[in-house]
Amino acid sequence: MENNQKKGTVKFFSGKQIPLEMHKVRIVQSLNLVSVERRAEAISEAGYNTFLLGTRDIFLDMLTDSGTNAMSDQQLSKMFVADDAYAGSQSFVRFQKSVADVFGKNQILPVHQGRAAENIISQIFVKPGSVVPMNYHFTTTLAHIQLNGGKVVELFTPEAMKIKSTHPFKGNIDIARLDDLIKTSGAENVPFIRMEASTNLIGGQPFSMANLRDVKKVADKYKIIIVMDASLIGENAYFIKKREAEYADKSIGEILKEMCDLCDIVYFSGRKVSSSRGGAICTNSSELFNKMKDLVPLYEGFLTYGGISIREIEAMAQGLYETLEEDVVGQSPSFISYAAEELDKLGVPVILPGGALGCHIDAMQFVSHIPQSEYMAGSLAAAFYIISGVRGMERGTISSIRDENGNDILADLELLRLAFPRRVFTLSQTEYIIDRLNWLYQNRELVGGLKFVEEPAVLRFFTGRLAPVSDWTEKLVAKFKADFGDSL
Ligand code: F0G
């Protein structure tokens, strides 16, 4: 089903540079925009944590793309021909074939979602004292590696932390530091090198194929395996095609295969890559497969369903084939670039170049008057929800952890992430987001800090509750009403 048609960008006669949807919408869901007073009340009930808001109070849900991308008609139709069986389902055989066709890996362990893959990989390969180098961590990855006694070492390049950059591959790993780290830690203590496609927490930034090839050279030198987190691999492949000259004429399918060929284990969250559920660990090595396989029935379910509904397995299989299409994997990045560039023109600090997954607002500059210990990005997420009804996600110190003395480990970046799930939001909704962010930026002095009132020990950002350090939310609502009158 690979689409080899050569497609270009559609240019507008007017010279406007706006993304054009290459799909039509035939199933819709109504949205609700509640009043600013209700929004202020709702975020207070949610402990100023956007994870704890209910969708009835949300206008545009930009929390995540996980499980919220639009499904295609082809995916929905495949769900009706699912072969429900505890063992030996033909739907799983079709899934295996799609993974082999798209990623070139023929041994597959199904898991119910991405972090379940991380659990199995970490339990098998990470031991107390292990050191795991990576381009950058993801929250659940870090938690699983630490739970097994391992240490995560991030080897990003200085460019990764620059908010405004023109570097096409801010997700690259620093090769010299990688080599050094393995030398000083001892190769026997490095169970694998982890590369995350479209590196989530630094703004969905991709790595280049050249960088991955260099990682492979180091890995071969020390006989260490490479594990790729492929949850956002389609977008990373899209960026390689657009930004790495030698790949301009390659198809997304060819790029995906080349990326996977360089890695020993490829795992992914199906919730992001293709469907609304599921995930898998994929390899061509029987040895690696056999090491991990016994944990699948223990934690997930039998080897041919792995805790995923069979219908979702069909949707995932079809979704993988659709990642071969540039229009599909490029849809979210093109909207993100548009939003980021428009916000930049308005002076709103935003990560550039636009990456995958979401538009990332730099809270360190946006609310520079708030101390980092009062959770800049969390405060901005709460304030933006109050004035727009748009739910984003904090990706900063709240998503980090405390050290052994109980002090916050301040995050490298304080970001408000506004996710653009694939093919879900329209351009006018995107304009609304830009407009409200612009207003908030003009009124940024009104945003104040937050403090924890309930703090779980692990992954605190999911369920922790906070409170404002002053009455700033009331002043923000009053200014909003003064400027917008009876407009929602
Ligand atoms: N790896 C990456 C790079 C991810 O972005 C995610 C999830 C996971 C692993 C875990 O996958 O949720 O299926 O268990 N990211 C979501 C997000 C939750 O909103 O960024 P999961």
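Residues numbered from 1 in each chain as written. Predicted model: local features only at pLDDT ≥ 70, side-chain atom pairs only at ≥ 80, totals over all residues. Heavy atoms only, no water.

### Focus: the overall build of the chain
Helix and strand content of the chain: 20 helices and 12 strands. Scaling as 2.2 N^0.38, a compact globule of 488 residues should have a C-alpha radius of gyration of about 23 Å, and the chain matches this with 22 Å. Along the first, second and third principal axes, the C-alpha set of the chain runs to 65 × 55 × 45 Å. The buried share of the chain, reckoned over its 488 residues, is 60%. (Helix = DSSP H or I, 4+ residues; strand = E, 2+ residues; numbered from the N terminus. Rg over C-alpha atoms; globule rule 2.2 N^0.38 Å. Buried < 20%, exposed > 50% of the residue type's maximum accessible area, 1.4 Å probe, protein only.)

### Looking at the site of the ligand
Around the ligand, 17 residues are found, and the nearest of them are Thr64, Arg115, Asp229, Ser269 and Arg417. Within the side chain of Thr64, a nitrogen or oxygen atom sits 2.6 Å from an oxygen atom of the ligand. Asn200 has a polar side-chain atom sitting 2.8 Å from an oxygen atom of the ligand. Elements represented by at least two residues in the shell around the ligand include exactly helix 4 (114-125) and helix 10 (270-273). The biggest single contributor to the shell around the ligand is helix 4, with three residues. Looking at the shell around the ligand residue by residue, the classes come out as two nonpolar, eight polar and seven charged. A domain-level breakdown of the shell around the ligand finds at least three residues from each of domain 1 (3-65 + 328-484) and domain 2 (73-324). (Near = heavy atom within 4 Å. Polar contact = N/O pair within 3.5 Å; in protein donor to acceptor, adjacent residues only side chain to side chain. Nonpolar A, V, L, I, M, F, W, Y, C, P; charged D, E, K, R; others polar. Domains from an automatic or database assignment.)

### Some points on the domain arrangement of the chain
For the chain, the assigned domains are domain 1 (3-65 + 328-484) and domain 2 (73-324). The distance between the C-alpha centroids of domain 1 and domain 2 comes to 26 Å. The contact between domain 1 and domain 2 buries some 2,800 Å² in all, and 57% of this surface belongs to carbon and sulfur atoms. On the domain 1 side of the interface with domain 2, the three residues burying the most area are Val329, Pro353 and Leu413, jointly 19% of the side's total. Here domain 1 and domain 2 share five salt bridges between them. When the shortest N-O distance is used, the salt bridge between Asp65 and Lys272 registers 2.8 Å. Listed by contribution, the elements that provide at least two residues to the side of domain 1 that touches domain 2 are helix 14 (326-329), helix 15 (331-345), strand 8 (358-362), strand 10 (415-419) and helix 19 (460-463). Its residues placed into classes, the side of domain 1 that touches domain 2 shows 16 nonpolar, eight polar and 10 charged. (Buried area = accessible area lost by both parts, 1.4 Å probe. Salt bridge = Lys/Arg side-chain N within 4 Å of Asp/Glu carboxyl O.)

### Things to note about the packing of aromatic side chains
The tally for this structure, following the rule as stated, stands at 17 aromatic pairs. A centroid spacing of 5.0 Å and a plane angle of 80 degrees characterise the contact between Phe51 and Phe462, whose relative ring orientation is edge-to-face. Within this pair, whereas Phe51 is found in the loop between helix 1 (36-45) and helix 2 (73-79), its partner Phe462 is found in helix 19, the two being separated by 411 residues in sequence. Taken together, the aromatic side chains of Phe51, Phe461 and Phe462 make up a single cluster linked through ring pairs. A cation over a ring is seen here: Arg436 above Phe484, with NZ or CZ 4.2 Å from the ring centre. Over the ring of Tyr441 we find Arg444; its NZ or CZ atom is 4.0 Å from the centre of that ring. (Phe/Tyr/Trp six-rings, centres within 6.5 Å; stacked < 30°, edge-to-face > 60°. Lys NZ or Arg CZ within 6 Å of the ring centre and 35° of its normal.)

### Thoughts on the side chain of Thr283
Its place among the elements puts Thr283 in strand 7 (residues 279-283). In this structure the side chain of Thr283 is engaged in a polar contact, spanning 3.0 Å, whose partner is the backbone nitrogen of Ser285. Those residues in contact with Thr283, other than ones at most four positions away along the chain, are Lys105, Asn106, Gln107, Asp264, Ile265, Leu288 and Phe289. (Contact = heavy atoms within 4.5 Å.)

### A word on the pattern of salt bridges
Evaluation of the coordinates by the stated rule reveals 30 salt bridges. A salt bridge links Asp179 to Lys221, with the shortest nitrogen-to-oxygen separation between them at 2.7 Å. Residue Asp179 is located in helix 6 (residues 175-185), and its partner Lys221 is located in helix 7 (residues 209-222); the two are separated by 42 residues in the primary sequence. Lys221 gets classed as exposed once you look at its relative accessible area, which sits at 53%. Note that Asp229 is salt-bridged to Arg194, the shortest N-O span being 2.8 Å. Of the two residues, Asp229 sits in strand 5 (residues 225-229) while Arg194 sits in strand 4 (residues 192-196), which places them 35 residues apart along the sequence. Given the relative accessible area of 1%, Arg194 is considered buried. One salt-bridge network, in which partners are shared between bridges, spans Arg38, Glu41, Glu45 and Asp57.

### So, the packing of helix 6 against helix 7
What describes two packed helices is the angle between their axes and the distance between those same axes. One way to put it is that helix 6 packs onto helix 7 with a least axis distance of 10 Å and a crossing angle of 20 degrees. As summarised for this structure, helix 6 and helix 7 are arranged roughly parallel, according to the angle between their axes. Regarding helix 6 and helix 7, the two cross each other, and that crossing is right-handed. Here Ile175, Leu178, Asp179, Ile182 and Lys183 of helix 6 lie close against helix 7, whose contacting residues are Asn211, Asp214, Val215, Val218, Lys221 and Tyr222. Among the residues making up the contact of helix 6 with helix 7, the classes are represented as six nonpolar, one polar and four charged. (Axes fitted to C-alpha atoms, helices over the stretch in contact; angles between N-to-C directions. Parallel < 35°, antiparallel > 145°, perpendicular 65-115°, else oblique. Left-handed = near helix turned anticlockwise from the far one by under 90°.)

### Notes on unusual backbone geometry
A negative phi angle characterises most non-glycine residues, just as the trans form characterises most peptide bonds. Note the cis peptide between Leu352 and Pro353, where omega equals 0 degrees. Although it is not a glycine, Tyr48 sits at a positive phi angle of roughly 55 degrees. Within the secondary structure, Tyr48 is located in the loop between helix 1 and helix 2. Look at Tyr48 and you get buried, because its relative accessible area is 10%. You will see that Ser198, though not glycine, has its phi angle at about 45 degrees, which is positive.

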